[in-house]
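The primary structure of each chain is shown beneath.
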Amino acid sequence: MKKIGYMGIPLSNSEKAAQVIAMKRGIEAELVPLVSSEGVVKALLSGSVDYGVVAVRNMVAGPVLETEKAMKLGEMRNIEEFSMPIHHCIFVRTKDARISTVASHVQALGQTYRNVSQLFPGADRLEVEDTALAAEMLADGRLPEDTAAICGMAAGLHYGLVLIKENVEDDPDNWTDFALLESVKC
């Protein structure tokens, strides 16, 4: 069985992308959450995973800068790129929370900027390493109660958060390109 490392944690968009690409290519795989693109590239370089899945660009928020930076750590082979629709939801810890901060991955914050600005005028934005991690952090109290998390539906529900709005991406046809990578040492 091959190991596929992905940026993010379980229930992230990248985990879903890793599942899709593994199924598409017929790879029987153990999926390994590595939180960041840097984590994926380092794991590929060390040989602790066989393949890596990272987000490379989004149609609204543009290039994924953390992936561009991570790719400079060593020589990677881009086996395949594919696009996947991305939909974001806003979750809170309690239904009547007064939101002063919105937390998520920098890409999700960019993909929802206009809609979030209308929903929460003047709210601060807090960058977190992963959308699903923002949901986890809100649920377990690492983020204050006046914070909303932008994440996928599955992550918000899994962590027992309260859905206040779905499909908050600024473009309803929002998509992200993901890449399946391997180290050239393979």
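Predicted model only: the values in this text are computed from it and were never measured.

Visitor: Please explain the environment of K24 as it appears in this structure.
Guide: Mapping K24 onto the fold places it in helix 1 (residues 13–25). The contact partners of K24, leaving out residues within four places of it in the chain, are E80 and F82. A polar contact of 2.5 Å, which involves the side chain of K24, links it to the side chain of E80.

Visitor: Teacher, can you tell me more about the sheet that holds strand 7 (residues 101–104) here?
Guide: Hydrogen bonding along the main chain pairs the strands of a sheet, whether they run parallel or antiparallel. A sheet is described by the order of its strands in space; here 5 strands give the open sequence 8-7-9-6-10, paired in mixed fashion. With one partner strand each, in any of the chains shown, strand 8 (124–127) and strand 10 (162–166) form the two edges of the open sheet. Strand after strand, the sheet turns through a mean of 30 degrees between neighbouring axes, direction not considered. Pairing of strand 6 (residues 89–92) with strand 9 (residues 147–151) involves 3 bridges; the strand directions are antiparallel. Within strand 9, the position partnered with C89 by the bridge is C151. Seen against the sheet, helix 6 (residues 131–139) touches strand 6, strand 7 and strand 9 and runs at an angle of roughly 150 degrees to strand 9.

Visitor: What is the right way to look at the nonpolar core in this model?
Guide: Here is a general trend for soluble globular proteins: nonpolar side chains tend to be buried in one another's company. In this structure, I4, M7, A17, L44, V53, V54 and F178 are the most contacted members of the largest nonpolar core, which totals 29 residues. Those elements that place two or more of their residues in this core are strand 1 (2–6), helix 1, helix 2 (37–46), strand 3 (51–58), strand 5 (76–85) and strand 11 (175–183). With 5 residues, strand 3 is the single largest residue contributor to this core. For I4, the contacting residues outside a window of four places in its chain are A18, A22, I27, A29, E30, L31, V32, Y51 and V53.

Visitor: Before we go on, may I ask you to explain unusual backbone geometry in this structure?
Guide: In terms of backbone geometry, most residues other than glycine have negative phi values and most peptide bonds are trans. Positive phi outside glycine occurs at L11, with the angle close to 80 degrees. Relative to the elements of secondary structure, L11 occurs in the loop between strand 1 and helix 1. Classification of L11 as partly exposed rests on a relative accessible area of 30%. Of note, N167 is a non-glycine position whose phi angle comes to about 55 degrees, a positive value. Tracing the backbone shows N167 in the loop between strand 10 and strand 11.

Reading the values: the criteria
Residues numbered from 1 in each chain as written. Predicted model: local features only at pLDDT ≥ 70, side-chain atom pairs only at ≥ 80, totals over all residues. Heavy atoms only, no water. Helix = DSSP H or I, 4+ residues; strand = E, 2+ residues; numbered from the N terminus. Contact = heavy atoms within 4.5 Å. Polar contact = N/O pair within 3.5 Å; in protein donor to acceptor, adjacent residues only side chain to side chain. Pairing = 2+ DSSP bridges. Axes fitted to C-alpha atoms, helices over the stretch in contact; angles between N-to-C directions. Core = buried A, V, L, I, M, F, W, Y, C linked by side-chain atoms within 4.5 Å. Buried < 20%, exposed > 50% of the residue type's maximum accessible area, 1.4 Å probe, protein only.

Function cannot be read off these values alone, since they describe shape.
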